[in-house]
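Read off the chains here:
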Amino acid sequence: MLLVPCPNCGPRSSQDLTYGGESHSRPDPKTATPEEWRTYLYLRDNPSGWLVETWYCSSGCRRWFKLERHTLTGELRDPILPGSKTGVASDEATNIQGGTK
Amino acid sequence: MADAPVFQSPITNPTPAKGSLTLTDESELTKVSVRGAHIAVSFGTCEQRGDVLVVGSRPDEWTLLGPADAVAAVVSGLDLSGFASTTDITHSRLMIRLTGDDAARAMEKACGIDLSDAMTPNGAAVGASVAKVTCDVVRDDVVSDGREAVRSYRFLADRSFGQYFWDALRDCTAEF
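Counting starts from 1 at the beginning of each chain's written sequence and moves along it residue by residue. Note on labels: chains are lettered from A, ligands numbered from 1, in written order. For this predicted model, a pLDDT threshold of at least 70 governs which residues receive local features, and a threshold of 80 or more governs which side-chain atom pairs are given and counted, while totals over whole chains, interfaces and linings are taken from all residues.

Draft legend 1. Structural view of the interface of chain A and chain B. Two residues form a contact once the distance between their C-beta atoms, set from the backbone, is within 7 Å. Each partner contributes to the interface: chain A provides 17 residues, whereas chain B provides 18 residues. Classification used: nonpolar for Ala, Val, Leu, Ile, Met, Phe, Trp, Tyr, Cys and Pro, charged for Asp, Glu, Lys and Arg, polar for all others including Gly. In terms of residue class, the side of chain A that touches chain B is made up of three nonpolar, 10 polar and four charged.

Draft legend 2. Inspection of the environment of Ala68(B) at higher detail. All names here are of chain B. Starting at the N terminus, helices and strands are each numbered in turn, a helix being any DSSP run of H or I of at least four residues and a strand any DSSP run of E of at least two. Here Ala-68 shows up in helix H1 (residues 68–76). Each residue is classed by its C-beta neighbour count within 10 Å, where at least 20 other C-beta atoms makes it buried, 12 or fewer makes it exposed, and intermediate counts make it partly exposed; the C-beta atoms are placed from backbone geometry. Since 14 C-beta atoms lie within 10 Å of it, Ala-68 is described here as partly exposed. It is 12 Å that separates the C-alpha atoms of Ala-68 and Ile-89, two residues lying 21 residues apart in sequence.

Draft legend 3. Spatial organisation of unusual backbone geometry. All names here are of chain A. The residue Asn-46 is not glycine, and still its phi comes out positive at about 45 degrees. Within the element layout of this structure, Asn-46 appears in the loop between helix H1 (34–42) and strand E4 (50–56). Here Asn-46 falls in the exposed class, since 8 other C-beta atoms lie within 10 Å of it. The phi dihedral of Arg-62 falls on the positive side, at around 55 degrees, and the residue is not glycine. Assignment of secondary structure puts Arg-62 in the loop between E4 and strand E5 (64–70). Taking the C-beta count within 10 Å as the criterion, Arg-62 has 16 such neighbours and is therefore assigned partly exposed.

Draft legend 4. Summary view of the sheet that holds strand E10 (residues 152–158) of chain B. Residue and element names in this part refer to chain B. Here five strands make up an open sheet; going across it, the order is E1-E7-E10-E9-E8 and the pairing antiparallel. Single-partner strands in this sheet number two, and they are strand E1 (22–25) and strand E8 (125–130). Adjacent strand axes in the sheet meet at a mean angle of 30 degrees when their direction is disregarded. When DSSP finds two or more bridges between a pair of strands, those strands are recorded as paired. Of the pairings in the sheet, the one linking E8 to strand E9 (residues 133–139) comprises six bridges and is antiparallel in character. Paired with Gly-127 across the bridge in E9 is Asp-136. Note on geometry: axes are lines fitted to C-alpha atoms, helical ones only across the stretch in contact, with angles between N-to-C directions running from 0 to 180 degrees.

As structure tokens, then:
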């Protein structure tokens, strides 16, 4: 089990969230070639190291967010909500479960 | 205008909890979901306003719990312009209250949330999975005259889980 830091709810068991896979930017449908679409849809980087992933907080705030996970050590850092410019890994992410926000 | 439908609780067999804890079926209480209208109650907290408990259940969503007329009064005072909406979810959601000094220890059997006072103090509201049921958990301690507050949690979940959810919580209370 992983302890996943949701930007809204704080640390939660990974069983309370849904894994969305590696985070990729979507190519422009007007200009993308078939090969770019194939790469976007089916190919994964699967690095040994830090990887940006998407998660869905299905039991808590019901929001998608991104974070970085180290595929070797399982470390998680920098959870960020869509539209945010910076990660919220510090106080806000770790201390806002329940009424302590 | 048609009369409001008669409420029927989804919990058909509310067998009392075992031991020192108390389980109460509060499904009949009026529940209204508010989206998009700003209410000054932060996500993850709840606040009593008169007879109505206002729960910050999502980052832009609130749940109002209370007697029908009191909830209607709160709703009528909201600014519902733009994309704001209110939905009466009284008949689609169940509500169970678990009360007792050992309520947190009982919940630990079915829930992965940190229930310590530091993380979920009185007035906290969290979305959680309890006995595999996705629900909103609101800590709303009960204060009776002159006595120390007794730890109490309210659970809001989909109506279809009714009897199973009651039985699952009841099993958690067996040890205490």
